[in-house]
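Here are the chains, one letter per residue:
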Amino acid sequence: MKKYLFVLLLSGCFYSSFAQDNTAYKKPPALIEKLLLSTFNPGVSFNNEGTWMVELQRSAGPTVEDLAQPELRIAGLRMNPANFSPSRGTYFTGLTLKDVTTRKSIAVSGLPDPVKASAVSWNKSGNKLAFLQENRNAVDLYIVDVKTAKAVKVNKTPLNIATGNEYAWYDDETLLYHAATASPDAAPKKPAAPSGPVVQQNLGKVAASRTYQDLIKNKYDEDLFRFFARSQIVRNKNGVETPVGVPGMYASTSLSPDGNYLLVERLTGELSYLVPFYGFASVEEVWAIDGHLVKEIAKIPSSEGAPSGFDNVLNAPRGFSWIATKPATVGWIVPLDSGFIKKQVPDHDQYLTLDAPFTTAPQPVVATPMRMYSVSFVNEELALVTQGSFAKQRHIWQLLDLKTKALKTLSDRSSNDEYSNPGTPFMIRNGYGRMVPLIYQKTKFIMDAQGASLKGDYPAISTLDFTTGKQEKLWQCQDPYYEVPIKLLSWSKGIRFVTSRQSNTEAPNYFITSTVDKKQVALTDFPDPQPELRELRKEKISYTRKDGVQLTANLYVSKKYNPAMDGRLPVIIVAYPREYKQASDAAQVRGSRNTFTQINYGSFVFFALEGYAVMDNTEFPIVGEGSNYPNDNFVEQLEWNAKAAIDKIAAMGIGDSTRVAVAGHSYGAFMTANLLAHTHLFKAGIARSGAYNRTLTPFGFQNEERTYWQAPQVYSRMSPFSYADKIKTPLLLIHGEADNNPGTFPIQSERLFNAIKGHGGTVRFVQLPFEAHGYAAKENLLHLLWEENQWLERYVKNAK
């Protein structure tokens, strides 16, 4: 097996000064290891009526050997070449049925061994559920009959879900899915030598694109993609497979509400070396259910030609879908501004529909002066329209009268203003089996809201009268709980619904709640998967930075900590910067003080049990009001946020302001390196899977829409790589060897490490074998926590 180097430049007892260590895997302290390896409680899924639920046992994480299995990285995908599936999926290891009325659990027989289930879906009647089963050499499809509690494999041909196409219920007994058209062994073999060079060209056409990973790189990649993306649509009833249409490369397939047609997005075969497969040229078509072509609706060019900049779109139709309230009507959005939001036009987008038999011209439904996001049909008379601006952070939600074409605004707010967010309507299945907003008492929606407030999030259920705009609260969670509505059960005599309830001391469990008698009935009794974390005290703290913006953080310390006896603690600040166009939005309180603490490898809360004060989810807003861009003074605002957090923990008499570490993942890693380059507030930093040289993401990044050539000084100022000579605070860099996130190529960490090393800084670079942007393998996760623990102990807790 290839040896992966843990490269470092340090002096001290556990690292050598100049070395390339072939380090064996290490483990963190026993308590941290135990917490990391805990298995979380099951997930759940309810049928449509809420009469049955299935508990889904979660799997343990993979091993390095699992990640090391063959994998194809092409066209923005990561595929398992042995079974036509995504190579890094998650799955469940068991299924248990539960009668919601009696709360009796029933074991399911006939399950495969071992169970590696995913994509659980109930049929319309709620008496059967289906799931995908991933085997070493094939993906199969199972149906569980609730009456018999028996699982049965229904497919004869292995499925092909490599590009994300899974399956759908055609009716209560029939499934539609994409089947493989060849054995994996028939995949193209890599030639000993290429037939010629790889050539790309552009003949004067503007074609800016962001930095994607895992793209097609050569002719062999093209051949592999064509092979693994090729599938046959199949209709399966009672185990009998009927082909629908001919084999091809399909980006998506959906069934019309009346079951007579398919809406198919078919790739034309014109591949790209610059964008992932979902940006390849395609054709949107309507097929009859037997597979013959009824109507070609649109040709969609490659997204290579999409203009850069927020709110700009490809000059082509988009957002194709069936109208949920009609038997067979397709709807889609077309740009009226050639895709350029700055073009002066009365309306920027229009929604069109086309009815079966698809022989007439498309009919306009509504046009919007801002970029249209979606149109959701409620019934024959009403639809909900969402429009807004990503650049201006504006979100408008409106009710459309389909007869008069009048739009009534229900909500017009900043997309970051959660205090005024009315929520989203509860959905029910209509006569076609499609999910539509429920209309209650003729003129109301029943709304599910986050309940954001000055005290934090308190989820709520309310009615919204769409004729008057009046909102009336029916239920809201109360201290000491954080309780989230999951499913609406009944509404004729009061509201009955399922919630997920938790508190600081109670693990999340599911309850049936009623607004009539206020009683709650427990559906589950899941235990605490990480009881050692109850030894921590959690507090949501508030403070203000120098320009008056209020900030918050979740503070964790041991319950055994006594400031008078133990003195001040070393501090870890964990954050992720977010951009805002209004200071008032940035100041809003986010999250809840009543949540049950559960952590995974990405958390630094582990270290609160090791004698640190951990400030988690520390707010780091970057504000640019009016015509100003948030990133115009990005570095300065980072320092304001950091200084305010340190001052707060010190003023509380808990934290030692001279022993503070800063840490973050991805954009949080970018933040960490910037803070070490431009301030002297910290003893150490930990940066995981970040991007540090913004000239390598020249067509925009995160929420920066300007290109490098439009704002070179901003890109340079925000790049810690440009200031590597200033980074003298010890920095631990960690990166997945197979990072797949746009922009965060592993070379970002490699180059920053070399730059800091070249200027005499203290830095350690750990590259985790086979890991993507998020980490997964047990051995890597344990070693990650060992590295972090060692770094913090040496440079923060025991700093000179």
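Definitions and limits used
Residues numbered from 1 in each chain as written. Predicted model: local features only at pLDDT ≥ 70, side-chain atom pairs only at ≥ 80, totals over all residues. Heavy atoms only, no water. Helix = DSSP H or I, 4+ residues; strand = E, 2+ residues; numbered from the N terminus. Rg over C-alpha atoms; globule rule 2.2 N^0.38 Å. Buried < 20%, exposed > 50% of the residue type's maximum accessible area, 1.4 Å probe, protein only. Contact = heavy atoms within 4.5 Å. Areas by Shrake-Rupley, 256 points an atom, 1.4 Å probe, with all protein chains shown as cover. Lys, Arg positive; Asp, Glu negative; His and termini not counted. Charge placed at Lys NZ, Arg CZ, Asp CG, Glu CD. Salt bridge = Lys/Arg side-chain N within 4 Å of Asp/Glu carboxyl O. Expected span 1.5 Å × (residues − 1). Pairing = 2+ DSSP bridges. Axes fitted to C-alpha atoms, helices over the stretch in contact; angles between N-to-C directions. Core = buried A, V, L, I, M, F, W, Y, C linked by side-chain atoms within 4.5 Å. Phe/Tyr/Trp six-rings, centres within 6.5 Å; stacked < 30°, edge-to-face > 60°. Lys NZ or Arg CZ within 6 Å of the ring centre and 35° of its normal. Polar contact = N/O pair within 3.5 Å; in protein donor to acceptor, adjacent residues only side chain to side chain.

Novice: In this structure, what is going on with the overall build of the protein? I would like to understand it.
Specialist: When you go through the protein residue by residue, the secondary structure sums to 10 helices and 51 strands. On C-alpha atoms alone, the protein measures out to a radius of gyration of 27 Å, which is about the 28 Å that the 2.2 N^0.38 rule sets for 800 residues. Taken along the three principal axes of its C-alpha coordinates, the protein extends 75 × 75 × 60 Å. In the protein, buried positions account for 55% of the 800 residues. Considering only residue pairs separated by 6 or more positions, the protein has 58% of its internal contacts joining residues 24 or more positions apart. About 34000 Å² of surface is accessible on the protein, with carbon and sulfur atoms providing 51% of the total. Treating the 87 positive side-chain charges of the protein as one cloud and the 78 negative ones as another, the clouds have centres 2 Å apart.

Novice: Teacher, can you tell me more about the pattern of salt bridges here?
Specialist: On inspection of all chains with the given rule, the structure shows 28 salt bridges. For E71, the salt bridge is made with R73, and the minimal N-O distance between the two is 2.8 Å. Residue D349 is joined to R371 by a salt bridge in which the shortest nitrogen-to-oxygen separation is 3.0 Å. Placement of D349 in strand β23 (residues 349-355) and of R371 in strand β25 (residues 371-377) is noted, with a sequence separation of 22 residues between them. When sorted by exposure, D349 lands in the same class as R371, which is buried. What emerges from the salt-bridge pattern is a single network uniting R318, D337, D349 and R371.

Novice: I tried to follow helix α7 (residues 667-678) on my own but got confused; where do I start?
Specialist: Residue pairs three or four apart in sequence face the same way in an α-helix, which turns once every 3.6 residues. The terminal C-alpha atoms of α7 lie 16 Å apart, and with 12 residues this matches the ideal 16 Å at 1.5 Å per residue to within 8%. For α7, the buried fraction is high: 11 of the 12 residues fall into the buried class. Among all positions in α7, only Y667, G668, A669, F670, M671, T672, A673, N674, L675, L676 and A677 are buried.

Novice: Can you walk me through the pairing of β23 in this structure?
Specialist: Successive residues of a regular strand alternate their side chains across the two faces of the sheet. Burial within β23 is extensive, with five of its seven residues counted as buried. Relative to β23, strand β22 (residues 329-335) is paired through seven bridges, and the arrangement is antiparallel. Residue W332 lies in a different strand from β23, and its bridge partner there is L352. Note that β23 and strand β24 (residues 363-368) share five bridges and pair antiparallel. Considered in β24, the bridge of Q350 is made with A367.

Novice: Looking at this structure, I do not really get the sheet that holds strand β40 (residues 509-514). What am I missing?
Specialist: Neighbouring strands of a sheet are bound in pairs by backbone hydrogen bonds; such pairs are parallel or else antiparallel. Taken in spatial order, the four strands line up as β38-β39-β40-β41 in an open sheet, and their pairing is antiparallel. Since the sheet does not close on itself, it has two edges, and those belong to β38 (481-490) and β41 (520-522), each with one partner. Neighbour to neighbour, the strand axes of the sheet diverge by 30° on average, direction disregarded.

Novice: Looking at this structure, I do not really get the environment of A30. What am I missing?
Specialist: Within the fold, A30 resides in helix α1 (residues 30-36). Sequence separation between A30 and N798 is 768 residues, and the spatial gap between their C-alpha atoms is 20 Å.

Novice: Sorry, what's going on with the nonpolar core here?
Specialist: Considering soluble globular proteins, one finds that nonpolar side chains tend to be buried as a cluster. Core analysis: the largest hydrophobic core is formed by 57 residues, its most contacted members being I573, M615, F682, L733 and L752. In this structure, I573 is in contact with M615, T618, F620, A645, I646, V660, A661, V662, A663 and F682, ignoring residues within four places of it in sequence. Judged by nonpolar contacts, the second largest core, of 34 residues, contains F606, Y612, I686 and W791.

Novice: Help me understand the sheet that holds strand β21 (residues 318-322), please; the structure alone is not making it clear to me.
Specialist: Strand order in this open sheet of four strands is β21-β22-β23-β24, and the pairing throughout is antiparallel. Only two strands of the sheet have a single neighbouring strand rather than two, namely β21 and β24. Each strand of the sheet is rotated relative to its neighbour by a mean of 20°, with strand direction disregarded.

Novice: Hey, could you run me through the pairing of β22 in this one?
Specialist: Counting buried positions along β22 gives seven out of seven residues, so the element sits mostly inside the fold. A two-sided burial pattern is seen for β22, the buried positions comprising T329, G331, I333 and P335 on one face and V330, W332 and V334 on the other. Taken together, the three bridges between β21 and β22 define a ladder with antiparallel strand orientation. By the bridge assignment, R318 is partnered in β22 with I333. Turn length for the β21-β22 hairpin, with the two strands adjacent in sequence and antiparallel, is six residues.

Novice: Please explain the packing of aromatic side chains as it appears in this structure.
Specialist: The description of two aromatic rings rests on the distance between their centres and on the angle between their planes. Taken as a whole and assessed by the stated rule, the structure comprises 29 aromatic pairs. Between F699 and W709 the ring centres are 5.3 Å apart and the planes differ by 45°, which places this aromatic pair in the tilted class. In this pair, F699 is assigned in the loop between β49 (684-688) and α8 (712-718) and W709 in the loop between β49 and α8, connecting sequence segments 10 residues apart. Relative to Y715, the ring of F701 has its centre 5.3 Å away and its plane inclined at 90°; by these criteria the two rings are edge-to-face. Of this pair, F701 sits in the loop between β49 and α8 while Y715 sits in helix α8, and the two are 14 residues apart along the sequence. In terms of burial, F701 and Y715 fall into one category: buried. Following the ring pairs from residue to residue traces out a cluster consisting of Y576, F634, Y667, F670, F699, F701, Y708, W709 and Y715. The lysine or arginine in question, K455, covers the ring of Y458, its NZ or CZ lying 5.3 Å from the ring centre.

Novice: Whenever I open this one, helix α3 (residues 219-229) confuses me. Can you help?
Specialist: Along α3, the positions that sit buried rather than exposed are D221, E222, L224, F225, F227, F228 and A229. For α3, the elements touching its buried residues are β5 (72-74), β6 (77-80), β16 (230-237), β17 (240-255) and β18 (261-267).

Novice: Got a minute to help me understand the environment of E771 in this structure?
Specialist: The topology assignment puts E771 in the loop between β51 (763-768) and α10 (778-797). Taking relative accessible area as the criterion, E771 reaches 0% and is therefore assigned buried. Contacts of E771, omitting those with residues within four sequence positions, involve L67, R88, G736, E737, A738, D739, A776, A777 and N780. Reaching out from E771, the side chain makes a polar contact with the backbone nitrogen of A777 at a distance of 2.9 Å.

Novice: Would you take a moment to explain the side chain of D140 for this structure?
Specialist: Take D140: it is sitting in strand β12 (residues 139-145). Salt bridges are absent for the buried D140, whose nearest opposite-charge side chain, K153, sits at 4.2 Å. There is a polar contact of 2.8 Å between the side chain of D140 and the side chain of N135. Once residues lying within four places of it in the same chain are set aside, the contact partners of D140 are F131, L132, Q133, N135, K153, N155 and L159.

Novice: When you look at unusual backbone geometry in this model, what are you seeing that I'm missing?
Specialist: Among all residues save glycine, negative phi is the norm, and among peptide bonds the norm is trans. A cis amide bond links D113 to the next residue, P114, at an omega of 0°. Turning to its location among the elements, P114 is positioned in the loop between β9 (105-107) and β10 (117-122). Cis peptide bonds are those with omega within 30 degrees of zero, and the linkage from D479 to P480 qualifies with 5°. Mapped onto the elements of the fold, P480 is located in the loop between β37 (471-476) and β38. Of note in this structure, N617 is not a glycine but carries a positive phi near 50°. Within the secondary structure, N617 sits in strand β46 (residues 613-618). With a phi angle near 55°, S689 is a residue other than glycine that sits in the positive phi range. In this structure, S689 sits in the loop between β49 and α8. Take S689: its relative accessible area is 0%, and that puts it in the buried class.

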